[in-house]
Amino acid sequence: MRACKYSHDIINAENKKVLKTHGLSGLDENELRVLLLQNDPFLLPDVCQFYNRKEGTCSHQNYCNKLHVCRHFLQGECRFLPCKRSHNLLNTHSLRVLETGGIDESIASNIQAIYNHKHVEFNKELKKGKILQLPVKADAGPSSNVPSQRQHQLLTGTGGKDEDKKDYSSAKASKDKKEDKSDEICVFYVWKYCKHKDKCRFVHYHLPYRWQVYNGVTWNDLSMMEEIEKAYCDPQNSSIADKKINFQTMTCSSSSLRRLSTASSVTKPGFVLTTQWIWYWKNDQGQWNEYGKQ
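Let me begin by describing the structure that accompanies this report. Keep in mind it's a predicted model, so treat the numbers as computed, not measured. (Residues numbered from 1 in each chain as written. Predicted model: local features only at pLDDT ≥ 70, side-chain atom pairs only at ≥ 80, totals over all residues. Heavy atoms only, no water.)

1. Overview of the overall build of the chain
Then step 1. Of the regular secondary structure elements, the chain holds 9 helices and 8 strands.
Then step 2. Buried residues in the chain amount to 33% of all 294 residues.
Then step 3. The contacts in the chain between residues at least 6 apart in sequence include a share of 45% that link residues at least 24 apart.
Then step 4. In the form shown here, the chain has an accessible surface area of approximately 20,100 Å², with 52% of it arising from carbon and sulfur atoms. (Helix = DSSP H or I, 4+ residues; strand = E, 2+ residues; numbered from the N terminus. Buried < 20%, exposed > 50% of the residue type's maximum accessible area, 1.4 Å probe, protein only. Contact = heavy atoms within 4.5 Å. Areas by Shrake-Rupley, 256 points an atom, 1.4 Å probe, with all protein chains shown as cover.)

What follows is the structure in structure tokens.
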């Protein structure tokens, strides 16, 4: 077999520079593989074209060396709920094809979770688009589904009490949206494909953690975020003296400090880029030990 002339080392010196530039140096090799495969489905084994034709049959059946999976599902564009073709990358045949291509069950499980979410969100958007084409009742009250300004004017006219209604609806919707916001970082945005965009209730940030300091008016990002996160994850550190950061009081100088993060890995098992919380205890020699380990 001829040796490949390209590097197979994801974390060599040159690649480390690229990863650091994009804020991804904290990911291990398996997490990077998931990220690469998720962002470029062409890195996955080929999809069987015979299986994806109208008849949906492949003469090679289980001996086929291509994925018997809906190609539209892998492109994030399957419009059917349910679909008559498989959306399962973890069945016996698909898993064998993936493992032959160097993708183990753990990575395949993460990819499956990502594509499942994309499929659900894509169909939600489709459904929402269809609903917007239906007539809107003139007596609709203030809600998160307030008709657009143009629709509102067509239904109720403009000026006077109707203008007041429109202003009230907008203010109410804005208030509801603000109250619905979360300080949790959107794990799907970190994966680069949150379809809610600016309507997402979670924080959109390129890292699974975010350190900010409060200036009395707004929260502002701190520089050297990776360095702060690395220090915070070491139980031996209670502060970073040269930055005047105290992890115990969560202050920077005399200002409040906060750390935003993605959801806990306990609440979203099987997802990459969630936050794994580890508990430590301190022995009588002043050493910190992870719970559950000798």
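2. Examining the sheet that holds strand S3 (residues 239-240)
Then step 1. If you walk across this open sheet you meet the 6 strands as S2-S1-S6-S5-S4-S3, and the pairing is antiparallel. For this open sheet the edge positions go to strand S2 (219-221) and S3, each flanked by a neighbour on one side alone.
Then step 2. Here 2 bridges tie S3 to strand S4 (residues 245-246), and the two strands are oriented antiparallel to one another. Each bridged residue has a counterpart across the sheet, and for Ser239 the counterpart in S4 is Asn246.
Then step 3. Across the sheet, helix H9 (residues 225-232) touches strand S1 (209-214), S2, S3, S4 and strand S6 (255-261), and the angle it forms with S1 is around 100°. (Pairing = 2+ DSSP bridges. Axes fitted to C-alpha atoms, helices over the stretch in contact; angles between N-to-C directions.)

3. Remarks on the pairing of S6
Then step 1. The pairing of S1 with S6 spans 5 bridges and is classified as antiparallel. If you follow Val213 over to S6, its bridge partner there is Leu257.
Then step 2. Relative to S6, strand S5 (residues 251-252) is paired through 2 bridges, and the arrangement is antiparallel. Bridge pairing in S6 links Thr251 to Ser256.
Then step 3. Hairpin remark: S5 followed by S6, antiparallel, with 2 residues in the connecting loop; positive phi at Ser253, about 60°.

4. Things to note about the pattern of salt bridges
Then step 1. Within the structure shown, the criterion is met by 3 salt bridges.
Then step 2. Linking Asp183 and Arg258 is a salt bridge whose minimum nitrogen-to-oxygen distance equals 3.9 Å. One end of the pair, Asp183, is in the loop between helix H7 (160-180) and helix H8 (187-190); the other, Arg258, is in strand S6, with 75 residues separating them in the sequence.
Then step 3. As a salt-bridge pair, Arg259 and Glu229 come within 2.7 Å of each other at their nearest N and O atoms. Of this pair, Arg259 sits in strand S6 while Glu229 is found in helix H9, placing the two residues 30 residues apart along the sequence.
Then step 4. Taking the relative accessible area as the measure of exposure, Arg259 reaches 17% and is therefore buried.
Then step 5. Using a relative accessible area of 8% as the deciding quantity, one classes Glu229 as buried. (Salt bridge = Lys/Arg side-chain N within 4 Å of Asp/Glu carboxyl O.)

5. Some details on the nonpolar core
Then step 1. Grouped together as the largest cluster of nonpolar side chains are 54 residues, with contacts concentrated most on Leu74, Ile111 and Trp191.
Then step 2. Contributions of two or more residues to this core are made by helix H2 (29-39), helix H3 (71-74), helix H4 (92-100), helix H5 (105-131), H8, S1, H9 and S6.
Then step 3. In terms of residues, this core owes the most to one element, H5, which gives 5 residues.
Then step 4. When neighbours within four sequence positions are excluded, Ile111 is seen to be in contact with Val34, Leu37, Leu44, Leu89 and Ile103. (Core = buried A, V, L, I, M, F, W, Y, C linked by side-chain atoms within 4.5 Å.)

6. Section: a nonpolar patch on the surface
Then step 1. A cluster of nonpolar side chains, Trp277, Trp279, Trp281 and Tyr291, forms an exposed patch at the surface whose accessible area comes to about 560 Å².
Then step 2. Turning to its location among the elements, Trp277 is positioned in the loop between S6 and strand S7 (280-282).
Then step 3. Taking relative accessible area as the criterion, Trp277 reaches 48% and is therefore assigned partly exposed. (Patch = residues over 30% accessible without salt bridge, like charges linked within 9 Å, V, L, I, M, F, W, Y side chains within 5 Å.)

7. Details of the side chain of Ser94
Then step 1. Within the fold, Ser94 resides in helix H4.
Then step 2. Taking relative accessible area as the criterion, Ser94 reaches 0% and is therefore assigned buried.
Then step 3. In terms of polar contacts, Ser94 uses its side chain to reach the backbone carbonyl oxygen of Asn88, at 3.5 Å.
Then step 4. Not counting chain neighbours up to four residues away, the residues in contact with Ser94 comprise Leu67, His68, Val69, Asn88 and Leu89. (Polar contact = N/O pair within 3.5 Å; in protein donor to acceptor, adjacent residues only side chain to side chain.)

8. Details of the packing of aromatic side chains
Then step 1. For the structure shown, the criterion picks out 5 aromatic pairs.
Then step 2. Centre to centre, the rings of Phe73 and Tyr115 are 6.0 Å apart; their planes meet at 55°, and the pair counts as tilted. Here the residue Phe73 occupies a position in helix H3, and Tyr115 occupies one in helix H5, the gap between them amounting to 42 residues. An identical accessibility class is assigned to Phe73 and Tyr115; each is buried.
Then step 3. Summarising the aromatic geometry, the rings of Trp211 and Phe247 are spaced 5.7 Å apart at their centres and angled 50° between planes, so their arrangement reads as tilted. Residue Trp211 is located in strand S1, and its partner Phe247 is located in the loop between S4 and S5; the two are separated by 36 residues in the primary sequence.
Then step 4. Through a chain of ring-to-ring contacts, the aromatic side chains of Trp211, Tyr232 and Phe247 assemble into a single cluster. (Phe/Tyr/Trp six-rings, centres within 6.5 Å; stacked < 30°, edge-to-face > 60°.)

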